[in-house]
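Each chain is listed here by its residues.
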Amino acid sequence: MELRRQILGMVAIIAAVAPTVEPVPAQEIEPIVRGVFRIIEPNSRGSGFAVAPTVLATNYHVISNSAGALQEASALRVTQGNRAWAVSRIIWSNRQLDLALIEVPGLDAGSLPIAVTTMNRLQQVVAIGFPGGADRPFQGRDFGGATATEGTIGRLLETPLRREIQHSAHVSPGNSGGPLIDRCGRVVGVNTHVGGTRSESGTLVQTPGIYFAVDARHLAEAMQQLGIVVRPQANRCEQSDASRPSPADVQRWQELAERARRDAEAARAALAQLRQDGGIDRQKLAQAEERLAQAEAQMAQATQLAEDLRQQVQQRTLLLALASGGSALVAGFALAIAMRRSRQQLVRVVNVSSRVLTGHSLNLRPWRRSAGAPAWRLVGHTGTGEKVSLRIDEADGRAVIGRSPRLADRTLGDDTLSRRHARLLVRRGQLAIEDLGSANGTRINRQRIAAGQPHPVSVGDEVRLGRVRLRVEAGDGPAAAAD
C-alpha cells in the first residue's frame, strides 16, 4: 500500500512536469471577441484582431482596392460598437500571404495569443468576425460585437504561396481578416476566403462547409521580424484535439533565431562604428539604434519561442514514454522514492529511463518546490517625477522596458530611456536585468552594467535606467522556498 501511494505521488510529479491549460469554455469567448474589430475601407468591410495594444492584423485584400493596390491608411477606419478609430499607417503587408498589420493609435486592445505550432485535422476551431450578412438587418450598426461560429479543421494545405487551413466554421464576406481560434484561445489562422466553383457567368458558387484561413505561423514570423512581441499561449493546451509542437516547429524558430542573431551582430557592429567615427548626426545614430533594438528584439523572441517549443516537445516525449512503455520509468521513480533519494537523483532516474525508452535523455534539471510563483515589483519614479510600479513574476519570464510601445512590454514616458532599454528576466526564482545597448545605460546600486549580459538583482537593490530610478521590492506572490 505504501509503495502504491509513492507511485501515485510520483505520477502527480510527472503531471507537474507538463502544466496544462483548460480549453476555453463558451462563457470565456467574450474576452476574445473583444479583441476583434471591424475594418472599413471606402468600398468594403472586413475584420481584424489585436496582436499588440495598438496593432491589428488583417488580410491584405481587406485594406486594398479592387485592383489589388493598398489603400492609403487615412482611408481606413476601425470600429467596435459605437467607437471608431483612425488608422495611422500600414506597418507591413504581403499580398501573397494575404496578410497585413496596421497601426491604430489609441486602441489599447488586449492582444490575442498566437499559436506557433502545427495544427491537426479535426481540431475544433472558432471563426470570429463581422460577416456583412449579419450587419445588413441593422444597417451596418454593431449592436452585439463580432459573430462567432464553430467548426473543425478538415485539411492542412501547403500551397506554393503559403500554408492554409481548410475548416468548416462558417464565414462569409466581412469575416475576412478575422481570427480562427482554437479551443485554447489561440489564433491558429486568419480567415481569408470561402470554397466554391465558378459558374459559366463567372459568379462564385460557394460550397457549404468549405472555408480557408492563412496559417497564423506566417503572421507570427512576420511579427518576429518586425520586432513586434508575439504572444503565444503561456502553457500548452492539453485538449485532445489541440495542436502540439513538433520538431519541425522547433527547427523553424531556431533558424529564425540564428538569422536574427546574425542581423543583431551586424547592427551592433554598425552602431559601434558610427560611435567610433564621431561627428555623426543624431538622426543616423537614432536609426542605427533602432535597427539594433529591432534585431535584438527579434533574436530574443525567436530564441525564447524555440526554447519553449523544445521543452514542450521533450515533455511530451516523456508523457508518451509513460503511455507506451513507462513501466521502467515508474519503477525507477518508485525505487528512488522508496530509497528516499534526493531530487537530483530522481531527475537522474528520469533522464536515464527516458534514454532507455526513447533513445535520448530529456536532460531535465532539479526543480524547486514553491508555495507560489515568485514575484517582484520595481517601484520608483521617472526623471520628471512620474510614479512607476512595474510587476514581474516567474510566469511572465521576461519583459522589456523602454519608450517604444511597439518594441517594449513595459513602456515609460522618459526621454532618457531608449526604445528598448533593458530586459527583466526570471530564471529559477531569480530576478535579473539585462541592458539592451541603451544610450544612457543601466545601473544596479550605482554601478553601470555591461550590455547584453543578465545581472541578478535582489529585493532592496536600486536600479537606474537613464534618469528613471527604481527599487526592487517583493511582489504579491510569496518567494520560492529552497529545497
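About the criteria used
Residues numbered from 1 in each chain as written. Predicted model: local features only at pLDDT ≥ 70, side-chain atom pairs only at ≥ 80, totals over all residues. Heavy atoms only, no water. Helix = DSSP H or I, 4+ residues; strand = E, 2+ residues; numbered from the N terminus. Buried < 20%, exposed > 50% of the residue type's maximum accessible area, 1.4 Å probe, protein only. Contact = heavy atoms within 4.5 Å. Areas by Shrake-Rupley, 256 points an atom, 1.4 Å probe, with all protein chains shown as cover. Core = buried A, V, L, I, M, F, W, Y, C linked by side-chain atoms within 4.5 Å. Pairing = 2+ DSSP bridges. Axes fitted to C-alpha atoms, helices over the stretch in contact; angles between N-to-C directions. Salt bridge = Lys/Arg side-chain N within 4 Å of Asp/Glu carboxyl O. pLDDT = per-residue confidence, 0-100. Phe/Tyr/Trp six-rings, centres within 6.5 Å; stacked < 30°, edge-to-face > 60°. Parallel < 35°, antiparallel > 145°, perpendicular 65-115°, else oblique. Left-handed = near helix turned anticlockwise from the far one by under 90°. Polar contact = N/O pair within 3.5 Å; in protein donor to acceptor, adjacent residues only side chain to side chain.

### Focus: the overall build of the protein
Point 1. On a plain count of helices and strands, the protein comes out with 8 helices and 26 strands.
Point 2. Classification of the 483 residues of the protein by burial places 48% in the buried group.
Point 3. Once local pairs closer than 6 in sequence are excluded, the contacts in the protein between residues at least 24 apart make up 61%.
Point 4. By element, 50% of the accessible surface of the protein is carried by carbon and sulfur atoms, the whole surface being about 23,500 Å².

### Some points on the nonpolar core
Point 1. Of all hydrophobic cores here, the largest spans 42 residues; its most connected members are Phe49, Val51, Leu101, Ile114, Ile128, Leu219 and Trp253.
Point 2. Broken down by element, this core gets its largest block of residues, 6 residues, from helix 4 (residues 216–226).
Point 3. Among residues more than four places away in sequence, those in contact with phenylalanine 49 are Gly35, Val36, Val55, Leu56, Ala57, Leu112, Gly177, Gly178, Pro179, Val187, Val190 and Leu219.
Point 4. With 22 residues, the next largest nonpolar core counts Ile392, Leu431, Val463 and Val468 among its residues.

### Some points on the environment of arginine 231
Point 1. Structurally, arginine 231 can be placed in the loop between helix 4 and strand 15 (236–237).
Point 2. On the basis of relative accessible area, arginine 231 is assigned to the partly exposed category, the value being 41%.
Point 3. Through-space distance from the C-alpha of arginine 231 to that of valine 116 is 9.7 Å; in sequence the pair is 115 residues apart.
Point 4. Setting aside residues no more than four positions away along its own chain, arginine 231 makes contact with Ser111, Leu112, Pro113 and Ile114.

### Quick word on the environment of threonine 207
Point 1. Mapped onto the fold, threonine 207 is located in strand 14 (residues 204–215).
Point 2. For the pair formed by threonine 207 and valine 194, sequence separation is 13 residues and the distance between their alpha carbons is 7.7 Å.

### Things to note about the sheet that holds strand 4 (residues 55–58)
Point 1. Read from one edge to the other, the open sheet built from 7 strands follows the order 6-5-2-3-4-8-7, with strand pairing classed as antiparallel. In the strand order of this sheet, the two ends are held by strand 6 (83–86) and strand 7 (89–94), each with one partner. This sheet shows a mean twist of 30 degrees between the axes of neighbouring strands, independent of strand direction.
Point 2. In the sheet, strand 7 pairs with strand 8 (residues 99–103) via 5 bridges, with the strands oriented antiparallel. Directly across from isoleucine 90, in strand 8, lies its bridge partner isoleucine 102.
Point 3. Running over the sheet, helix 4 touches strand 3 (44–52), strand 4, strand 7 and strand 8 and is turned about 45 degrees from strand 8.

### A short note on the pattern of salt bridges
Point 1. Counted by the stated rule, this structure contains 14 salt bridges.
Point 2. Put simply, glutamate 103 and arginine 89 hold a salt bridge, and the shortest N to O gap is 2.6 Å. Taken as a pair, glutamate 103 in strand 8 and arginine 89 in strand 7 lie far apart in primary sequence, 14 residues in all.
Point 3. Assessed through its relative accessible area of 33%, arginine 89 is described here as partly exposed.
Point 4. Look at the salt bridges and you will find they share partners, linking Arg163, Asp215, Arg217 and Glu221 into a network.

### Let's talk about helix 4
Point 1. Where burial is concerned, most of helix 4 is hidden: 10 out of the 11 residues are buried.
Point 2. Those residues of helix 4 lying buried are Ala216, Arg217, His218, Leu219, Ala220, Glu221, Ala222, Met223, Gln224 and Leu226.
Point 3. Glycine 227 occupies a position one or two residues after helix 4 and carries a positive phi of about 80 degrees.

### Regarding the sheet that holds strand 16 (residues 375–381)
Within a beta sheet, neighbouring strands are joined by backbone hydrogen bonds and run either parallel or antiparallel to one another.
Point 1. Strand order across the open sheet formed by 6 strands is 17-16-26-25-22-23, with antiparallel pairing between neighbours. Since the sheet does not close on itself, it has two edges, and those belong to strand 17 (387–393) and strand 23 (447–448), each with one partner.
Point 2. Summarising the sheet, strand 16 and strand 17 pair through 7 bridges and their orientation is antiparallel. Pairing of tryptophan 376 across the sheet is with isoleucine 392, part of strand 17.

### So, the confidence of the model for the protein
As a note on interpretation, predicted positions should not be read in detail where pLDDT is low.
Point 1. When pLDDT is averaged along the protein, the result is 77; 72% of the residues meet or exceed 70.
Point 2. Here residues 10–23 is modelled with pLDDT under 50, and outside its nearest four sequence neighbours on either side it reaches 25 contacts, counting other chains as well.
Point 3. Long-range and interchain partners of residues 477–483, a stretch whose pLDDT sits below 50, account for 16 contacts in this model, where long-range means more than four residues apart.

### Observations regarding the packing of aromatic side chains
Point 1. Under the defined criterion, the tally for this structure stands at 1 aromatic pair.
Point 2. For the ring pair phenylalanine 37 and tryptophan 85, a centre distance of 5.7 Å and an interplane angle of 85 degrees mean the geometry is edge-to-face. Placement of the pair is phenylalanine 37 in strand 2 (residues 36–41) and tryptophan 85 in strand 6, with a sequence separation of 48 residues.

### Let's talk about the packing of helix 4 against helix 5 (residues 247–277)
Point 1. Contact pair helix 4 / helix 5: the axes reach a minimum separation of 11 Å and the direction vectors enclose 20 degrees. If you check the angle between helix 4 and helix 5, you find them roughly parallel. Once helix 4 is placed against helix 5, the crossing between them reads as right-handed. Along its contact with helix 4, which presents Arg217, Ala220, Glu221, Gln224 and Gln225, the element helix 5 presents Asp249, Arg252, Trp253, Leu256, Arg259 and Ala260.

### As for the pairing of strand 16
Point 1. Here strand 16 folds back onto strand 17 in antiparallel fashion, the turn holding 5 residues, of which glycine 385 has a positive phi close to 95 degrees.
Point 2. In this structure, strand 16 lies alongside strand 26 (residues 468–474), joined through 6 bridges in antiparallel fashion. Its bridge partner lying in strand 26, arginine 377 is registered against glutamate 473.

### Topic: unusual backbone geometry
Point 1. Residue asparagine 445 is not a glycine yet carries a positive backbone phi of 50 degrees.
Point 2. By the secondary structure assignment, asparagine 445 is in the loop between strand 22 (442–444) and strand 23.
Point 3. A relative accessible area of 38% means that asparagine 445 is categorised as partly exposed.

### Concerning the side chain of asparagine 59
Point 1. Assignment of secondary structure puts asparagine 59 in the loop between strand 4 and strand 5 (77–80).
Point 2. Within the structure, the side chain of asparagine 59 is placed 2.6 Å from the backbone nitrogen of glycine 177, a separation counted as a polar contact.
Point 3. Not counting chain neighbours up to four residues away, the residues in contact with asparagine 59 comprise Asp98, Leu99, Ala100, Ser176, Gly177, Val190, Asn191 and Thr192.

### Some details on the side chain of glutamine 71
Point 1. Relative to the helices and strands, glutamine 71 is located in the loop between strand 4 and strand 5.
Point 2. In this structure the side chain of glutamine 71 is engaged in a polar contact, spanning 2.6 Å, whose partner is the side chain of glutamate 41.
Point 3. Residues contacting glutamine 71, with those up to four places away along its chain left out, are Glu41, Pro42, Asn43, Ile63, Ser64, Asn65, Leu76 and Ile90.

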